[in-house]
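# Coordinate inspection notes
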Amino acid sequence: MSGKANWPEGVARRLLDTVDSTNAEAFRAAPHLTGPCWFVAGEQTAGRGRRARAWTSPRGNFHGTLLLHPTEPAATVALRSFAAALALRDAFVALTGLPDAFKLKWPNDVLLNGGKVAGILLESSGAGQGVQHLAIGIGVNLIAAPEATQVEQGALRPVSLLEETGLRIAPEVFLDALAPAYARWEAIFAAEGFAPLRAAWLAHAARLGETIRARTGTETREGRFETIDETGALILRQSHGPVAIPAAEVFF
Ligand SMILES: O=C(O)CCCC[C@@H]1SC[C@@H]2NC(=O)N[C@@H]21
């Protein structure tokens, strides 16, 4: 594999051919690991997305999971989804030279020319408030995206890097850009907390200041996307004032 020079120190990697899910594989291996480790598979047979959806995982796309052993409270641990989104954007920009094409959609999608090119699934194991293992699962449509008919009505159109830019990036090349980019954001998070991540995320946020809809389990709220707060919650400005939404699906 190329890119050894940039590979972050102290981070292991396991390259697999076919697995059910790299998140599942990471959790199986977790008890035997003491440090961070990337798990990347050629293909997944049971790739999982957020909200119990399936994640289409053909060969040629990137399917990877970073397994971490965090020590902070669960709410702080979860803020790493923003580190992952920022790292993804950095990797895309480094590989394509197209800084204006990539935007971040709350809570943790990456958009290319307005379509979804990558998604992040954070899963954790542990008892009570504690998190023993954190799996940051990342799926990138490098060469293929699902048909628009395969995603939920109202969801953004899925796009691939190849069809939008003409660039064919191999998964291992993507990993060599993503792993150091993530390590940089993790170091910033460890040293300075969430504030710099929040600022950087907002600088690249899609539809900031515009009217959006946020659907929680029970209701849909419409309002102006004002900001995200220090806990990562979406702040929507409605007629009666701002509302903080910790978890939702967002529709544009
Ligand atoms: O729904 C989303 O947007 C999140 C998709 C996350 C998919 C990735 S692919 C690698 C890792 N393994 C999985 O089973 N899912 C995540």
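An unreviewed UniProt entry annotates the protein as biotin--[biotin carboxyl-carrier protein] ligase of Paragemmobacter ruber. Of the comments in the UniProt record for the protein, the one headed Catalytic activity (unreviewed entry) reads "biotin + L-lysyl-[protein] + ATP = N(6)-biotinyl-L-lysyl-[protein] + AMP + diphosphate + H(+)".

### A closer look at the packing of aromatic side chains
Applying the stated criterion to the full structure yields 5 aromatic pairs. Centre to centre, the rings of Phe 62 and Phe 174 are 5.4 Å apart; their planes meet at 55°, and the pair counts as tilted. Here Phe 174 lies in helix α5 (residues 171-192) and Phe 62 lies in strand β3 (residues 62-68), a separation of 112 residues in the sequence. In terms of burial, Phe 62 and Phe 174 fall into one category: buried. Relative to Trp 201, the ring of Phe 82 has its centre 5.7 Å away and its plane inclined at 80°; by these criteria the two rings are edge-to-face. Linking Phe 82 in helix α3 (residues 80-96) with Trp 201 in helix α6 (residues 195-203), this pair joins segments that are 119 residues apart in sequence. Here Phe 82 falls in the buried class, since its relative accessible area comes to 4%. Taken together, the ring pairs in this structure connect Phe 62, Phe 92, Phe 102 and Phe 174 into an aromatic cluster. Above the face of the Trp 7 ring, Arg 13 is positioned so that its terminal group lies 4.1 Å from the ring centre.

### Quick word on the environment of Phe 39
With respect to the helices, strands and loops of the structure, Phe 39 is situated in strand β2 (residues 37-44). As a C-alpha pair, Phe 39 and Thr 149 span 110 residues in sequence and 30 Å in three-dimensional space. Setting aside residues no more than four positions away along its own chain, Phe 39 makes contact with Arg 14, Leu 16, Thr 22, Glu 25, Ala 26, Ala 29, Leu 33, His 63, Gly 64, Thr 65 and Leu 67.

### Concerning empty space enclosed by the protein
Taken as a whole and judged by the stated rule, the model has 1 cavity of 30 Å³ or more. Across the lining of the largest cavity, the residue classes break down as 7 nonpolar, no polar and 1 charged.

### Some remarks on the nonpolar core
Membership of the largest hydrophobic core comes to 61 residues, with the highest contact counts inside it found for Trp 38, Phe 62, Leu 88, Phe 92, Ile 138, Phe 174 and Trp 201. Built from parts of two domains, this core gets at least three residues from each of domain 1 (4-203) and domain 2 (211-251). Setting aside residues no more than four positions away along its own chain, Leu 88 makes contact with Val 110, Ala 118, Ile 120, Ile 138, Val 140, Phe 174 and Leu 178. Grouped together as the second largest cluster of nonpolar side chains are 8 residues, Ala 26, Ala 30, Leu 33 and Leu 67 included.

Basis of the calculations
Residues numbered from 1 in each chain as written. Predicted model: local features only at pLDDT ≥ 70, side-chain atom pairs only at ≥ 80, totals over all residues. Heavy atoms only, no water. UniProt positions renumbered as here; feature names shortened; annotations may be inferred. Phe/Tyr/Trp six-rings, centres within 6.5 Å; stacked < 30°, edge-to-face > 60°. Helix = DSSP H or I, 4+ residues; strand = E, 2+ residues; numbered from the N terminus. Buried < 20%, exposed > 50% of the residue type's maximum accessible area, 1.4 Å probe, protein only. Lys NZ or Arg CZ within 6 Å of the ring centre and 35° of its normal. Contact = heavy atoms within 4.5 Å. 1 Å grid on protein atoms, 1.4 Å probe; cavity = no way out; pocket = protein on both sides within 12 Å on 5 of 7 lines; lining within 4 Å. Points joined across faces, edges and corners; volume = space filled by probe spheres on them. Nonpolar A, V, L, I, M, F, W, Y, C, P; charged D, E, K, R; others polar. Core = buried A, V, L, I, M, F, W, Y, C linked by side-chain atoms within 4.5 Å. Domains from an automatic or database assignment.

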